[in-house]
Amino acid sequence: MRERAYAVGLLAAALLASYAPTLRGGFVFDDHIYVEANPFVAEAANVRYLLDPRFYWHDQHVLAGSRPVFLGSLLVDRALWGGRPAGYRLTNLVLHGAVAACVGLFALELGLAAPAAFLAALLFALQPRLSEAVCSASFRPDVLAALFAFLSLFVLRRAAGLGRRAFLAGSAAAAGLFLLSLLSKESAALVVLGAAAAGAAAPRRAARRARRQSRT
């Protein structure tokens, strides 16, 4: 547990060292459309509409209305930071760090050694091609979809080797996380392929666990 705490600390330090200068910048690219010029996210109290099931029954003519998790995150930012771009970028950075941590945890779950798993998380965190999603609030759907997708697959994989009741509960939780991923960005539908792969690997994982237990 202590080693994981150190790994998380090092990962956070690396992210801050890499992205701290970007917190001083203003809104860029489509931020001017989805944040500054979007009347729905101008008032934090509009989050109440996202919590109302009727919002999803018909077209609300809200910009990015098909991505309510993304809109909800912008409304939380509005409540926390007002119109200050640094706050929105900090939220992106925290979410990106959470995704990087999920990469490391998933690598451990797949059987990689701790140093290799940490390296995978670090490489993902500092990958330059992902900087657009970290530095621009309008690209946050990618980060949110990835976060909930990883969590969904992690929960599903953990539940696969358990008893029937635990598997059903885990599957329901994974489905809920997948829905949040899908409501962040539509391309999260590809998570189904990952879930199928995880399900196919479950019998082999259970067999390896049984062999290990038989040797002890």
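Caption draft 1: Seen up close, the packing of helix α5 (residues 85–109) against helix α6 (residues 114–125). Two numbers describe how α5 lies on α6: the axes approach to 8 Å, and their chain directions differ by 150 degrees. Taken together, the axes of α5 and α6 are roughly antiparallel relative to one another. The element α5 and its partner α6 pack so that their crossing is right-handed. Contacts between α5 and α6 involve H96, V99, A100, V103, G104, A107 and L108 from the former and A114, A117, A120, A121, F124 and A125 from the latter. Residues that form the contact of α5 with α6 fall into these classes: 11 nonpolar, 2 polar and no charged.

Caption draft 2: A look at the environment of V94. Topologically, V94 is positioned in helix α5. Separated by 40 residues in sequence, V94 and V134 place their C-alpha atoms 9.1 Å apart.

Caption draft 3: Fine view of the layout of surface pockets. By volume, the largest pocket is sized at about 330 Å³. In this structure, the largest pocket is lined by 15 residues; those nearest its centre are R4, A7, V8, L108 and F118. Broken down by element, the lining of the largest pocket gets its largest block of residues, 7 residues, from helix α1 (residues 2–19).

Caption draft 4: The packing of aromatic side chains, seen in detail. Taken as a whole, this structure holds 6 aromatic pairs when the rule is applied. Summarising the aromatic geometry, the rings of F40 and F55 are spaced 6.2 Å apart at their centres and angled 40 degrees between planes, so their arrangement reads as tilted. Of this pair, F40 sits in the loop between α2 (31–36) and α3 (47–50) while F55 is found in the loop between α3 and α4 (68–81), placing the two residues 15 residues apart along the sequence. Accessibility expressed as a relative area gives 11% for F40, which makes it buried. Between F106 and F150, the aromatic rings sit 6.1 Å apart at their centres with planes inclined by 65 degrees, giving edge-to-face as the arrangement. You can see F106 sitting in helix α5 and its partner F150 sitting in helix α8 (residues 140–160), a full 44 residues away along the chain.

Caption draft 5: The arrangement of the side chain of D77 in detail. Checked against the element boundaries, D77 lands in helix α4. Residues in contact with D77, not counting those within four places in the same chain, are G82, G87, Y88, T91 and R140.

Caption draft 6: Region of interest: the side chain of S138. Looking at the element boundaries, S138 is found in the loop between α7 (131–135) and α8. At 2.8 Å, the side chain of S138 forms a polar contact with the side chain of S136. Leaving out residues up to four positions away in the same chain, S138 has contacts with D30, D31, Y34 and F70.

Caption draft 7: Seen up close, α4. With 14 residues, α4 extends 19 Å from end C-alpha to end C-alpha; this agrees with the ideal 20 Å at 1.5 Å per step. By the burial criterion, the buried members of α4 are P68, V69, F70, L71, G72, S73, L74, L75 and D77. The secondary structure elements touched by the buried residues of α4 are α2, α3, α5, α8 and α9 (164–182). Positive backbone phi, at 70 degrees, marks G82, one or two positions downstream of α4.

Caption draft 8: Region of the structure containing the environment of R89. Structurally, the position occupied by R89 is in helix α5. Residues R89 and A137 lie 48 residues apart in sequence; the distance between their C-alpha atoms is 6.4 Å. In this structure, R89 is in contact with T22, L23, G25, G26, V28, V134 and C135, ignoring residues within four places of it in sequence.

Caption draft 9: View of α6. Look at α6: 16 Å from first C-alpha to last across 12 residues, which is about the 16 Å you get at 1.5 Å a residue. Looking only at α6, the buried set comprises A117, A121 and A125. One side of α6 holds all its buried residues, which, seen down the axis, span an arc of 75 degrees. Across from the buried face of α6, at angles greater than 90 degrees, the exposed residues are P115 and L123. Contacts made by the buried residues of α6 are with α1 and α5.

Parameters at a glance
Residues numbered from 1 in each chain as written. Predicted model: local features only at pLDDT ≥ 70, side-chain atom pairs only at ≥ 80, totals over all residues. Heavy atoms only, no water. Axes fitted to C-alpha atoms, helices over the stretch in contact; angles between N-to-C directions. Helix = DSSP H or I, 4+ residues; strand = E, 2+ residues; numbered from the N terminus. Parallel < 35°, antiparallel > 145°, perpendicular 65-115°, else oblique. Left-handed = near helix turned anticlockwise from the far one by under 90°. Contact = heavy atoms within 4.5 Å. Nonpolar A, V, L, I, M, F, W, Y, C, P; charged D, E, K, R; others polar. 1 Å grid on protein atoms, 1.4 Å probe; cavity = no way out; pocket = protein on both sides within 12 Å on 5 of 7 lines; lining within 4 Å. Points joined across faces, edges and corners; volume = space filled by probe spheres on them. Phe/Tyr/Trp six-rings, centres within 6.5 Å; stacked < 30°, edge-to-face > 60°. Buried < 20%, exposed > 50% of the residue type's maximum accessible area, 1.4 Å probe, protein only. Polar contact = N/O pair within 3.5 Å; in protein donor to acceptor, adjacent residues only side chain to side chain. Expected span 1.5 Å × (residues − 1). Arc of directions from axis to C-beta.

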